[in-house]
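Next come the chains, spelled out residue by residue.
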Amino acid sequence: MEVVKTVGAMKAWVAGRKAEGRSLGFVPTMGCLHRGHLSLVDRARALADDVVVSIFVNPTQFLPGEDLDRYPRSPRQDLESCRAAGVAAVFMPEPEEMYATDASVFVDEAALSATMCGRTRPGHFRGVLTIVAKLFNIVRPDTAVFGRKDAQQAALIQRMIRDLNFDVRLEVAPLVREADGLAMSSRNRYLSPDERKKALTLSAALEAARSAWSTGKSDAREIRGLVKRTLLEKGGIVPEYIACVDAESLTPVARLAKGDLIALAAVIGRTRLIDNIRLGEEDLS
Ligand code: AMP
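Residues numbered from 1 in each chain as written. Predicted model: local features only at pLDDT ≥ 70, side-chain atom pairs only at ≥ 80, totals over all residues. Heavy atoms only, no water.

> Residues and numbers for the nonpolar core, please.
By size, the foremost hydrophobic cluster in this structure holds 48 residues, and its most contacted members are Met 10, Met 98 and Phe 136. Those elements that place two or more of their residues in this core are helix H1 (7–19), strand S2 (24–29), strand S4 (89–91), helix H6 (124–139), strand S5 (143–147), helix H7 (151–163), strand S7 (241–245) and strand S8 (261–268). Counting residues per element, this core draws most heavily on H6, at 10 residues. Those residues in contact with Met 98, other than ones at most four positions away along the chain, are Val 7, Phe 56, Phe 91, Pro 93, Ile 131, Lys 134, Leu 135 and Ile 138. Of all hydrophobic cores here, the second largest spans 24 residues; its members include Leu 206, Ala 220, Ala 266 and Ile 268. (Core = buried A, V, L, I, M, F, W, Y, C linked by side-chain atoms within 4.5 Å. Buried < 20%, exposed > 50% of the residue type's maximum accessible area, 1.4 Å probe, protein only. Helix = DSSP H or I, 4+ residues; strand = E, 2+ residues; numbered from the N terminus. Contact = heavy atoms within 4.5 Å.)

Printed below as a string of structure tokens:
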């Protein structure tokens, strides 16, 4: 497995593989890899000849006061996991390698990024789209695999691929949960045992919604009410938002149908968590 630190070396490696006619699958991450990330690697391996994983804690997607400085990092373990998963190359640049000190071009999206997480994290998706566009230009993947854990991010990347004519196929992989239902996230390690117990309410509330929907309830307002009540009564949680939306356009729906998303964000202690379900789609554990 190749471990690559510079843009130039990554581009050269990619050119070599392309010259051999090999297709590339790409999994961008911020590291501290868990089974959720590794499920994306498996998916990429099934779809392409070689898999590239990037590990980069992208400073431009953190807002001032967010957890950039304490974001968990485990580079040695991550490399071990990638090697075991059959990854061909890991791209691990330093921030200075990725951004010129006077960088002044960014990718801004004007509709989908204004809702849900974009409301409470203004500028977050601008950072995400900018780094993903840069990584797409460096790695030139045939297929990029993202997780439905970040459903809004996936919708935004699909939109960017369309609107900026990237030659990349996006694959959105299922959300991977712990056995007790908690959506896997690098940020889960911030949680104290008590907070973790509380955090289980997020998936429990979404499961309550899924089960109400599967027994015929489709009124989005009613389902949002059910999620809101469950969060409050079971966990004392007042969420940042609960959204019932179309998975591609992220526009709110009045009646929930197969394929729609129910997504939420909540702060537990000092940790901001997101979770979602897609109706008619199974999560993995
Ligand atoms: P991150 O390292 O948090 O930026 O995530 C990198 C990629 O892994 C993104 O496409 C995420 O959606 C995906 N991912 C993170 N957690 C999970 C999970 N629990 N299940 C599926 N994909 C995930």
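> Account for empty space enclosed by the protein, with residues named and values stated.
Scanning the model with the defined rule gives one cavity of 30 Å³ or more in all. Forming the walls of the largest cavity are Lys 149, Leu 182, Ala 183, Ser 185, Asn 188, Ala 199, Leu 202, Leu 273, Ile 274 and Asp 275. Counting residues per element, the ones that place at least two in the lining of the largest cavity are helix H8 (193–214) and strand S9 (271–278). For the lining of the largest cavity, the element with the highest residue contribution is S9, accounting for three residues. Each residue belonging to the lining of the largest cavity can be placed in one class, and the counts come to six nonpolar, two polar and two charged. (1 Å grid on protein atoms, 1.4 Å probe; cavity = no way out; pocket = protein on both sides within 12 Å on 5 of 7 lines; lining within 4 Å. Points joined across faces, edges and corners; volume = space filled by probe spheres on them. Nonpolar A, V, L, I, M, F, W, Y, C, P; charged D, E, K, R; others polar.)

> Can you lay out the sheet that holds S2 for me, pointing to particular residues and giving the numbers?
Spatial strand order, S1-S4-S3-S2-S5-S6: six strands in an open sheet with parallel pairing. Looking at which strands have only one partner, the edges of the open sheet turn out to be strand S1 (2–4) and strand S6 (169–173). Taken pair by pair, the neighbouring strands of this sheet meet at an average axis angle of 25°, ignoring direction. By the bridge criterion, five bridges tie S5 to S6 in an arrangement that is parallel. Opposite Phe 146, over in S6, you have Val 172 as the bridge partner. Contacts from H6 reach S2, strand S3 (50–55), S4 and S5 within the one sheet, and its direction differs from that of S2 by about 150°. (Pairing = 2+ DSSP bridges. Axes fitted to C-alpha atoms, helices over the stretch in contact; angles between N-to-C directions.)

> Quick one: what's the story with the sheet that holds S9, residue by residue and with numbers?
Spatially, the three strands line up as an open sheet ordered S7-S8-S9, and their pairing is antiparallel. Two strands lie at the open edges of the sheet, namely S7 and S9, each paired on one side alone. Along the sheet, successive strands turn relative to each other by an average axial angle of 15°, direction set aside. With five bridges joining them, S7 and S8 adopt antiparallel strand pairing. Among the inter-strand pairings, Val 245 is bridged to a residue of S8, identified as Leu 261. In the packing of H8 onto the sheet, contacts are made with S8 and S9, and the angle to S9 comes to roughly 20°.

> Describe the packing of aromatic side chains, and please don't skip the residues or the numbers.
Under the definition given, this model contains four aromatic pairs. Centre to centre, the rings of Phe 56 and Tyr 99 are 6.5 Å apart; their planes meet at 35°, and the pair counts as tilted. Of this pair, Phe 56 sits in the loop between S3 and helix H3 (75–84) while Tyr 99 is found in the loop between helix H4 (95–98) and helix H5 (117–120), placing the two residues 43 residues apart along the sequence. Across the pair, Tyr 99 and Phe 56 agree in class, each one buried. Centroid distance Phe 62 to Tyr 71: 5.8 Å. Interplanar angle 75°. Geometry classified as edge-to-face. Taken together, the aromatic side chains of Phe 26, Phe 136 and Phe 166 make up a single cluster linked through ring pairs. (Phe/Tyr/Trp six-rings, centres within 6.5 Å; stacked < 30°, edge-to-face > 60°.)

> Hey, could you go over the side chain of Glu 171 for me, with residue numbers and the actual values?
Within the secondary structure, Glu 171 is located in strand S6. Classification of Glu 171 by relative accessible area gives buried; the value is 14%. A distance of 2.8 Å separates the side chain of Glu 171 from the side chain of Arg 43, its partner in a polar contact. Residues in contact with Glu 171, not counting those within four places in the same chain, are Arg 43, Leu 47, Thr 143, Ala 144, Val 145 and Phe 146. (Polar contact = N/O pair within 3.5 Å; in protein donor to acceptor, adjacent residues only side chain to side chain.)

> For the packing of H1 against H6, give the residues involved together with the corresponding values.
One can describe the packing of H1 onto H6 by two numbers: an axis separation of 8 Å at closest approach and a directional angle of 50°. Classed by the angle they form, the pair H1 and H6 counts as oblique. Every residue of H6 that contacts H1 at Val 7, Met 10, Lys 11, Val 14 and Lys 18 is listed here: Asn 137, Ile 138 and Val 139. Residues belonging to the contact of H1 with H6 are distributed by class as follows: five nonpolar, one polar and two charged. (Parallel < 35°, antiparallel > 145°, perpendicular 65-115°, else oblique.)

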